[in-house]
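# Overview (structure and organization)
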Amino acid sequence: MNIVYTDNNATTRVAPEVLEEMLPYLSEYYGNPSSMHSFGGNVGRKITEARAKVADLINADPDEIVFTSCGTESDNAAIHAALEVNPQKRHIITSNVEHPAVKNTLERLQKKGYTVTFAPVDTGGRLDTDLVYKNMSEDTALVTLMWANNETGVIFPIKEVAKKANERGIIFHTDAVQAVGKIPIDVKDSGVDMLSLSGHKIHAPKGVAALYVKKGLKFSSFMTGGHQEKGRRGGTENTASIIGLGKACELAKGHFWEMDKRVRQMRDYLERQLLEKIPSSSINGEIKNRLPNTLSIGFDAVEGESILLLMDQAGICASSGSACTSGSLDPSHVLMAMKVPFESAHGTIRFSLSIYNTLEEMDHIVTVLPQVIKRLRDMSPFWKNQN
Ligand code: PLP
């Protein structure tokens, strides 16, 4: 059975070109980039090339890129740095729909005595920016906001909030793990101080990521150790994966058009067809201001997990809208923050596409899913009572 993979916000396949670029650095060229000999030095040069490619994707300077092990580490490193360089400041502003990499880190800091403002979103997933601005104070060390939401794809007004933070002398970090590679990002134009991105969301392998740190920003390393990454992140570099990340960024830069046109059209087609064919279905999140690849759609009176299981039997991979990572079947904190009605949040499925998807695959989903929902609803006393 062919797999229809529409769970690209969870992780992506490694692009064949990326793998090809990496393989020699997992076999013949195993030198340590910090070594004095040319065998290691050649690997170091490849890392320099990769750094330039990552920087180019977001319009940064190569020196502003720090390689890390994952998006979660980049987020932690940014938060840690902002607090370390401002020890007198004890307040952080964020949103209530952040990824656990930020949310759980800040909740832990709350327990350590920091004050955290979790700005709400409306039913479309739009940020209450006024509340963010009102809460900026002399005591605020950091504003950290995601560029785009991993569940709904809704995009936050990063440039606007970064500007206000800059005016108040507050460090601004963005978790752009879901946005990078899907929409063009320009760190200079947006005015962010730090930005997280992650390799496995853009067809590089898992276990490699980067943090952009604006030139001149005071920084304190999260991972202390050797002098790697100019002292900003200790630890011998994950050389092959960093080289893969460089290649993935180069490819992503050439794929923006395809993302914006073909992938968006496929997503919109899938969305239209599902809304048309499945009664009592609705989209979660602002329709206009979303990543081009993401569709979060709720089906009343069915369980997301049951939908996933039946779709899995038809070879379709997607995600549900539950907080399943925490072992609970409650709707995710994102859907709850958006006040999505319980019966629809429970039956929410996230489809996230990539350039490797095809229209035929969308047609397969459009054929399978209405039958799946009908089958589940036929078994649901709640649905029968209502209809
Ligand atoms: N931030 C966002 C918005 C994400 O979607 C993810 C992963 O899903 C992360 C951070 C964490 O990235 P990683 O899996 O590389 O640690």
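For the structure, check the block above.
Calculation notes
- Here, residues in each chain are numbered from 1, in the same order as that chain's written sequence.
- In view of the model being predicted, local features appear only for residues whose pLDDT reaches at least 70, and side-chain atom pairs are presented and counted only at 80 or more, with totals across whole chains, interfaces and linings using the full set of residues.
- Only hydrogens and water are set aside; all other atoms, that is, all heavy atoms of the structure, feed into the side-chain values.
- Within this scheme, the nonpolar core is defined by two criteria: the residues are buried Ala, Val, Leu, Ile, Met, Phe, Trp, Tyr or Cys, and they are joined through side-chain atoms within 4.5 Å.
- Relative accessibility under 20% of the residue-type maximum defines a buried residue, over 50% an exposed one, and the middle range a partly exposed one, all with a 1.4 Å probe and only protein chains included.
- In this text, helices come from DSSP runs of H or I with a minimum length of four residues, and strands from runs of E with a minimum of two, each type numbered from the N-terminal end.
- Boundaries between domains were set according to an automatic or database domain assignment.
- Throughout, a residue-residue contact means that at least one pair of heavy atoms, one from each residue, lies within 4.5 Å.
- Only a single heavy atom is needed: when it lies within 4 Å of a molecule or strand, its residue is near that molecule or strand.
- Pairs of N or O atoms are called polar contacts if they sit within 3.5 Å, as long as, within protein, a hydrogen donor faces a hydrogen acceptor (for residues adjacent in sequence, only side-chain-to-side-chain pairs).
- Each residue receives one of three labels: charged for Asp, Glu, Lys and Arg, nonpolar for Ala, Val, Leu, Ile, Met, Phe, Trp, Tyr, Cys and Pro, and polar for the others, Gly being one of them.
- Expected span of a helix: the number of residues minus one, times 1.5 Å.
- Bend at a residue means the angle formed by two fitted axes: the first through the 7 residues ending at that position, the second through the 7 residues beginning there.
- By convention in these notes, a salt bridge is any Lys or Arg side-chain nitrogen within 4 Å of a carboxyl oxygen on Asp or Glu.
- By convention, a stacked pair of Phe, Tyr or Trp rings (six-membered ring in the case of Trp) has centres within 6.5 Å and planes under 30 degrees apart, an edge-to-face pair has planes over 60 apart, and any other such pair is tilted.
- Two conditions define a charge sitting above a ring: the NZ of Lys or the CZ of Arg must be within 6 Å of the ring centre, and it must be within 35 degrees of the ring normal.

## Considerations on the nonpolar core
Where a protein is soluble and globular, its nonpolar side chains tend to be buried together. Judged by nonpolar contacts, the single largest core of 65 residues is most densely connected at Ile 58, Val 143, Trp 147, Leu 195 and Leu 245. The dominant element in this core, judged by the number of residues it contributes, is helix α8 (residues 239-277), at nine residues. Counting the residues that make up this core, at least three belong to each of domain 1 (16-253) and domain 2 (255-386). Look past the residues within four positions of Val 143 in its chain and what remains in contact with it is Ile 93, Val 132, Met 136, Val 161, Ala 165, Ile 170, Ile 171, Phe 172 and His 173. Grouped together as the second largest cluster of nonpolar side chains are 30 residues, Val 263, Val 302, Phe 351 and Leu 369 included.

## Focus: the site of the ligand
Surveying the vicinity of the ligand reveals 13 residues, the closest of which are Thr 72, Asp 175, Gln 178, Ser 198 and Lys 201. Take Thr 72: an N or O atom from its side chain is 2.6 Å from an oxygen atom of the ligand. It is helix α3 (residues 71-84) that contributes the most residues to the shell around the ligand, three residues altogether. Split into classes, the residues belonging to the shell around the ligand amount to three nonpolar, seven polar and three charged.

## As for α8
Given 3.6 residues per turn, any residue in an α-helix points the same way as the ones three and four places further on. In this model, α8 (39 residues) spans only 48 Å end to end at C-alpha, well below the 57 Å of a helix rising 1.5 Å per residue. The largest bend along α8 measures about 50° and falls at His 255.

## Observations concerning the side chain of Asn 76
Secondary-structure assignment places Asn 76 in helix α3. Only 3.4 Å separates the side chain of Asn 76 from the side chain of Thr 105, close enough to count as a polar contact. Among all residues touching Asn 76, those that are not within four sequence positions of it are Ala 101, Thr 105 and Phe 222.

## What to know about the pattern of salt bridges
Enumeration according to the criterion identifies 23 salt bridges in this entry. Linking Arg 126 and Asp 122 is a salt bridge whose minimum nitrogen-to-oxygen distance equals 2.9 Å. Under the relative-accessibility criterion, Arg 126 is labelled partly exposed at 37%. Between Lys 159 and Asp 189 there is a salt bridge, with the nearest N and O atoms lying 3.1 Å from each other. Residue Lys 159 is found in helix α6 (residues 158-167), and its partner Asp 189 is found in helix α7 (residues 187-190); the two are separated by 30 residues along the sequence. Assessed through its relative accessible area of 44%, Lys 159 is described here as partly exposed.

## Description of the packing of aromatic side chains
The final tally for this structure, using the stated rule, is two aromatic pairs. For the pair Tyr 25 and Tyr 29, a centre-to-centre distance of 5.4 Å together with 40° between the ring planes defines the contact as tilted. Here Tyr 29 falls in the partly exposed class, since its relative accessible area comes to 38%. Directly above the ring of Tyr 356 sits Arg 13, whose terminal nitrogen or CZ lies 4.5 Å from the centroid. The positively charged end of Lys 164 is found above the aromatic ring belonging to Tyr 133, 5.1 Å away from the centroid.

Everything listed here is a matter of geometry and, on its own, says nothing about what the molecule does.
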